Amino acid sequence: MTEHTVEFVGTGETIDVPETRPILQVCIEEGIAQEYSCRVGMCLACSAEIIEGEVEQTIVEQRALTEAEAENYALTCMARPKSDLKLDRGSYPPSIEDAEADAADGAGAAADDDD
C-alpha cells in the first residue's frame, strides 16, 4: 500500500496517509485538529487549499466544490492523496467566501430595512 506524506503548512503537523484512505480519517486517528462537520463532502468545513501535490476526489464524491475549485482545494473528508501534499487548512474556496459575504450583506440589508 502506497503512503504519502501530508504536511499542513504553518502548523508543523505532518502525517502519512495511504492512497486508499481519506486525509480526514487519518487526521482524526492521529489527533490532528482538522475541522469537519458532515464528513460527506457537503459542508466545506474540512476544505484545505492544495499548495503542492495531487489528490483524488471526483466531482461525484464531493458535492460542494465547483470543478475549478476541486483543482485547487481538497475536501479532506473525501480526498485521498495521489502524491506527497502540502495543504493549507486555513484557506477556503471562493464559493464559501462568497456565500459568507452574501450572508453578511443580506444581514446588513435586513438591518437597514428596520430603520
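Above this text sits the structure in question.
Numbering of residues begins from 1 in every chain and follows the order in which that chain's sequence is written. Restriction of local features to residues with pLDDT of at least 70 applies here, the model being predicted, together with a cutoff of 80 or more for giving and counting side-chain atom pairs; totals for whole chains, interfaces and linings are based on all residues. Side-chain figures throughout are based on the complete set of non-hydrogen atoms in the structure, without hydrogens or water.

### Section: the packing of aromatic side chains
What counts, and what does not: Each pair of aromatic rings taken from Phe, Tyr and Trp, with Trp reduced to its six-membered ring, is defined by centres within 6.5 Å and is described as stacked if the planes are under 30 degrees apart, edge-to-face if over 60, and tilted in the remaining cases. The criterion is that NZ of a Lys, or CZ of an Arg, lies within 6 Å of the ring centre and within 35 degrees of the ring normal, and then a charge sits over that ring.
Under the counting rule described, the total for this entry stands at zero aromatic pairs. A cation over an aromatic ring shows up here: Arg-89 above the ring of Phe-8, its NZ or CZ 4.7 Å from the ring centre.

### With respect to the pattern of salt bridges
Under the convention used in this document: Any carboxyl oxygen of Asp or Glu within 4 Å of a side-chain nitrogen of Lys or Arg constitutes a salt bridge here. For helices the rule is a DSSP run of H or I covering at least 4 residues; for strands it is a run of E covering at least 2, with both sets numbered from the N terminus onward. Here the term buried applies to any residue with accessible area under 20% of the maximum for its type, exposed to any over 50%, and partly exposed to those in between, with areas from a 1.4 Å probe on protein chains only.
Inspection of the entire model under this criterion finds five salt bridges. When the shortest N-O distance is used, the salt bridge between Arg-21 and Glu-29 registers 2.4 Å. A salt bridge links Glu-56 to Arg-80; the nearest nitrogen and oxygen atoms lie 3.5 Å apart. You can see Glu-56 sitting in strand E4 (residues 55-56) and its partner Arg-80 sitting in strand E6 (residues 80-81), a full 24 residues away along the chain. By relative accessible area, Glu-56 is classed as partly exposed at 32%. A single salt-bridge network, built from bridges that share partners, covers Glu-19, Glu-56, Arg-80 and Lys-82.

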